[in-house]
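# An overview of the molecular structure
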Amino acid sequence: ETLEEFSGKKLEGLEYEPLFKNELEVYDEIKKKSPNAFTVILSKEYVALGSGSGLVHCAPGCGPEDYEVGRKYKIPPFNELDEHGKFKDSMGIFSGLVAKKDDKKFIEIIKNKGMLIDTTPVEHEYAHCWRCKTPVVYKTTEQWFLAVEKLKEQMIEENKKVVWVPDWAGTRWFNSWLTDLQDWCISRQRFWGIPLPIWKCKKCDKIKLVESNEEIKKLTGKKLSNLHRPWIDEVEIKCECGSLMKRIPDVLDVWLDSGAATWATYEDKKKWSSIQTDFILEGKDQIRGWFNSLTALSMVSRGINAYKSVYMHGMVNDSLGRKMSKSLKNIISPYEVIDKYGADTMRYYMIGASKPGLDMNYNFEDMKLKFRNLSVLWNIHKFLIDYANNFEEIDTKIKTSNLGVEERYILSVLNSTIKKVSEMYENYRLNEVPGAIEFVFIELSRTYIQMIREKSVSGTEKEKQAVLAVIFNVLLDTIKMFSTVAPFISEHIYLNLKEKFGISGESITLQKWPKADEKQIDE
Ligand SMILES: [Zn+2]
Ligand SMILES: [Zn+2]
C-alpha cells in the first residue's frame, strides 16, 4: 500500500533508532559525539543508479568507501571486532560471536526480537583475500600516518617545476593525484620490514621517536648490532613517569623507503637535504606509487621535490592492443624474443615503439624489421674492415680536399643527426632516438656505399682514402650514439674496429658523446 510519494531529499536528516538500542550502551556514546549518526545522509559518491532506489546502510568502521562518507559527515569509524574476527565484550549479547561464521546466530537473535520481516539470498560483490580467496571483513584499526594532506598545496606548486614527459602526465595525471591526496598510512602489521622507530610507555602512553642507533645507545647504554626485529623489540627505554617504554610492534610501509631512494644514501645532512635527482623513469602505474612516494616523503623530510624530471612510459600490450594475461594466453615473454633475436633487437624495437605515457602494442613484424636493420649495421663494419685490407697504410683522417659530393652528403646526414639526437636526449624524447640513428646507418649502407662502389675500386688514391675515412668516421660516431640503444652490437663492432684501426679506449661506453660539426651540415 502506497502511503505517500516524495523525493529522497525529504528524508535527509531523519533519524532512526538502531535495532539494539536498549541492549548496547555504545549507541548512546556514538550519538553524543556525532549527532549525524543514525540519520539519513545523502551521499552522491557511492550511489549506483542501476541498483534501484532505497536506503543503504553506511558503516564508517567497516570499509573504505563508508569511511570516506562518514568522514565527510563527521561520523567516526566504529568497529568492535577484534583481530580474530570476534566481537568484543562491549558488544553485549553479541560478544564472542565470530563475524561471517556466526551469520545464522545473528539472524536468530534479530528474529527472536521480532524485528525480522524476511530473509532472502542476495547476490553481491564481496571482498576476498587476493591470495587465498577467503572472504574477509574490513576492520578499522589504529595506524600511523604522515600528514601529507597538509602539504598538498606546496606539493602541487613543487610539481609545476618538474619537467614531465609527456607533459600531461604531470599537468593532468600527477596534478590530479596530488589534488585528491590523502594522508599516507605508513604502518603495517607484519613481521618483516623496517621497524617503526616509535616507543610507547606501558603506563602513561607517552611516545618517543628514536632517530638512530646512536640515540638508542644514549637512552639504553648500548648500541644494537642489528636494528631489525626481533632484536629491536628487546630495547626498552625508561619513561619520565618511571615506567618502561616498548616499541610499537608495527613495521613501515615498504613504499616509505622507496620514497627516500634518491637521497637516503647521503650521510652528510647538507647533501641529503638538498640533492635533487635529474631524471627518473617509470611506468604509468607509478603515479600513485613511486612518483608519489618520492614526492611525498621528500616534501615531508626536506621541503623540496626529489626529482627534476620524469619520463613516464606506458605498458606493453599484445599486437591487438589487449593487455597481456594468463587467461588470454597472449603473454609475450621477453626471453622468447631475446633468445631468438637478441637483447639489442628488443631494446632497439621497444625504445622506438613506445611513445611517452602511452601503451605500446608489441608487433613481431616491426620487431623483425629492427632485427634486419641490425644486420645492415653489422655488414657495414664487415665491409669497412675488408676494404681497409686494400690499404698498405691506413689513414682514417677526413681530408676536406678529398671529399666528393657523396662524402659531403653522408657527413651532413651524420652531423645533423648528432645534433638532433643530442637535442632529443636533452629533452627526453627517448622514443625518437632509435629511428634517427637508424636513418644514418641505413643511408650509409643503401645510399652512400652504393654510390661509391665504383670509386672505391677504381678511383684515385685520394678518393679511396676519402671512402675509407668517411665510412670509418660515420660508423664510429653512429655506434657511439647507438650504444645507448643497442649496447651489445655497438660494443662488438667497436672492439673489431679498435683491433683493426687501433682506436684508443677500452670500451665504447668510455667514449665521449659525439659533437655535431655545424660546418658539415648542408640542408
Ligand atoms: Zn588469505
Ligand atoms: Zn610513562
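What counts and what doesn't
- Residues numbered from 1 in each chain as written.
- Chains lettered and ligands numbered in written order.
- Predicted model: local features only at pLDDT ≥ 70, side-chain atom pairs only at ≥ 80, totals over all residues.
- Heavy atoms only, no water.
- Helix = DSSP H or I, 4+ residues; strand = E, 2+ residues; numbered from the N terminus.
- Rg over C-alpha atoms; globule rule 2.2 N^0.38 Å.
- Contact = heavy atoms within 4.5 Å.
- Areas by Shrake-Rupley, 256 points an atom, 1.4 Å probe, with all protein chains shown as cover.
- Lys, Arg positive; Asp, Glu negative; His and termini not counted.
- Charge placed at Lys NZ, Arg CZ, Asp CG, Glu CD.
- Donors = N, O, S within 2.8 Å, 3.2 Å for Na, K, Ca; no water.
- Buried < 20%, exposed > 50% of the residue type's maximum accessible area, 1.4 Å probe, protein only.
- Domains from an automatic or database assignment.
- Tetrahedral: all angles 85-135°; square planar, octahedral: opposite > 155°, others 65-115°.
- Pairing = 2+ DSSP bridges.
- Axes fitted to C-alpha atoms, helices over the stretch in contact; angles between N-to-C directions.
- Core = buried A, V, L, I, M, F, W, Y, C linked by side-chain atoms within 4.5 Å.
- Expected span 1.5 Å × (residues − 1).
- Parallel < 35°, antiparallel > 145°, perpendicular 65-115°, else oblique.
- Left-handed = near helix turned anticlockwise from the far one by under 90°.
- Right-handed = clockwise from strand over helix to strand, strands pointing away.

### Re the overall build of the chain
Counting secondary structure elements, the chain contains 17 helices and 13 strands. The C-alpha radius of gyration computed for the chain amounts to 34 Å, which surpasses the reference 24 Å derived for 523 residues by more than 25%, pointing to a less compact arrangement than a globule. By sequence separation, contacts in the chain at least 24 residues apart represent 67% of the contacts at least 6 residues apart. Accessible surface, the chain as shown: approximately 32,700 Å² in total, 53% of it carbon and sulfur. Here the chain contributes 76 positively and 77 negatively charged side chains, and the mean placements of these two sets differ by 3 Å.

### Here's the deal with the coordination of the zinc ion (ligand 1)
Within the protein, Cys129 (SG) and Cys132 (SG) serve as the donor atoms for the zinc ion (ligand 1), at 2.2 Å. Overall, Cys129 belongs to the partly exposed group, its relative accessible area being 21%.

### Regarding the domain arrangement of the chain
Here the domain parsing of the chain yields domain 1 (8-112), domain 2 (148-186 + 255-313), domain 3 (188-252) and domain 4 (365-520). Taking the mean C-alpha position of each, domain 1 and domain 3 sit 37 Å from one another.

### Focus on the coordination of the zinc ion (ligand 2)
For the zinc ion (ligand 2), every protein donor is listed as Cys201 (SG), Cys204 (SG), Cys239 (SG) and Cys241 (SG), and the spread of their distances is 2.2 to 2.3 Å. Given 4 donor atoms and angles of 105 to 116° at the metal, the environment of the zinc ion (ligand 2) is assigned as tetrahedral. All donor residues of the zinc ion (ligand 2) come from one chain, and their arrangement in sequence is C-x2-C-x34-C-x1-C. Here Cys201 is found in strand S5 (residues 198-201), whereas its partner Cys239 is found in the loop between strand S7 (237-238) and strand S8 (244-247), with 38 residues between them in sequence.

### Thoughts on unusual backbone geometry
A cis geometry characterises the amide bond from Val165 onward to Pro166, with omega recorded as 0°. Tracing the sequence through the fold places Pro166 in the loop between strand S2 (163-165) and helix H5 (167-179). The step from Arg229 to Pro230 runs through a cis peptide bond, and the omega angle for that step is 0°. Along the polypeptide, Pro230 turns up in the loop between helix H6 (213-220) and S7. Positive phi values are uncommon outside glycine, yet Lys329 reaches one of about 55°. Inspection of the secondary structure puts Lys329 in the loop between strand S12 (316-317) and helix H10 (334-341). For Tyr428, which is not glycine, the phi torsion reads 55° and is therefore positive. Here Tyr428 is to be found in the loop between helix H13 (405-426) and helix H14 (433-451). A residue is classified by how much of its surface remains accessible, and Tyr428, at 19% relative accessible area, is buried.

### Topic: the environment of Ser483
Take Ser483: it is sitting in the loop between helix H16 (461-482) and helix H17 (487-501). Residue Ser483 is classed as buried on the basis of its relative accessible area of 15%. Separated by 11 residues in sequence, Ser483 and Tyr494 have C-alpha atoms that sit 9.7 Å apart. Excluding its chain neighbours within four sequence positions, the residues that come into contact with Ser483 are Ser490 and Ile508.

### A few points about the sheet that holds S2
Overall, parallel pairing links the 3 strands, which are arranged S2-S11-S10 in an open sheet. Of all strands in the sheet, those bounded by a partner on one side alone are S2 and strand S10 (277-283). Along the sheet, successive strands turn relative to each other by an average axial angle of 15°, direction set aside. In this structure, S10 lies alongside strand S11 (residues 307-313), joined through 6 bridges in parallel fashion. Considered in S11, the bridge of Ile280 is made with Val310. Relative to S2, H5 is tilted by about 105°, and along the sheet it contacts S2 and S11.

### Considerations on the nonpolar core
Counting residues in each nonpolar core, the largest one holds 49 residues, and the members touching the most others are Tyr448, Ile479, Phe482 and Leu497. Those elements giving two or more residues to this core turn out to be helix H12 (364-388), H13, H14, H16 and H17. Of all the elements, H16 adds the most residues to this core, at 12 residues. Grouped together as the second largest cluster of nonpolar side chains are 33 residues, Trp168, Leu196, Ile198 and Ala296 included.

### Regarding the pairing of S5
Looking along a regular strand, one sees the side chains alternate between the two faces of the sheet. Here S5 runs beside strand S6 (residues 207-209); their pairing, made up of 3 bridges, is antiparallel. Of the residues in S6, the one forming a bridge with Trp199 is Lys208. Once S5 ends, the chain turns through 5 residues before running back antiparallel as S6, passing Asp205 with a positive phi of about 65°. Examined bridge by bridge, S5 and S8 share 3 bridges and lie antiparallel to one another. Counterpart to Trp199 in the pairing with S8 is Arg247.

### Comments concerning the sheet that holds S5
The sheet built from 4 strands is open, its strands ordered S6-S5-S8-S7 with antiparallel pairing. Since the sheet does not close on itself, it has two edges, and those belong to S6 and S7, each with one partner.

### Focus on H16
In this model H16 runs 31 Å from its N-terminal to its C-terminal C-alpha over 22 residues, within 8% of the 32 Å that 1.5 Å per residue would give. Of all 22 residues in H16, 18 are buried, a share of seventy percent or more.

### Details of the packing of H12 against H14
With their axes 10 Å apart at the nearest point, H12 and H14 run at an angle of 55° to one another. Judged by the angle between their axes, H12 and H14 are oblique. Crossing hand, H12 versus H14: left-handed. Along its contact with H12, which presents Lys370, Asn373, Val376, Leu377, Ile380 and Phe383, the element H14 presents Glu438, Phe441, Ile442, Leu444, Ser445, Arg446 and Ile449.

### Things to note about the pairing of S11
Most of S11 is tucked away: 5 of the 7 residues are buried. Here S2 pairs with S11 via 3 bridges, running parallel. Pairing of Val163 across the sheet is with Ser309, part of S11. One crossover worth recording links S10 to the parallel S11 by way of helix H9 (residues 290-302), and it is right-handed.

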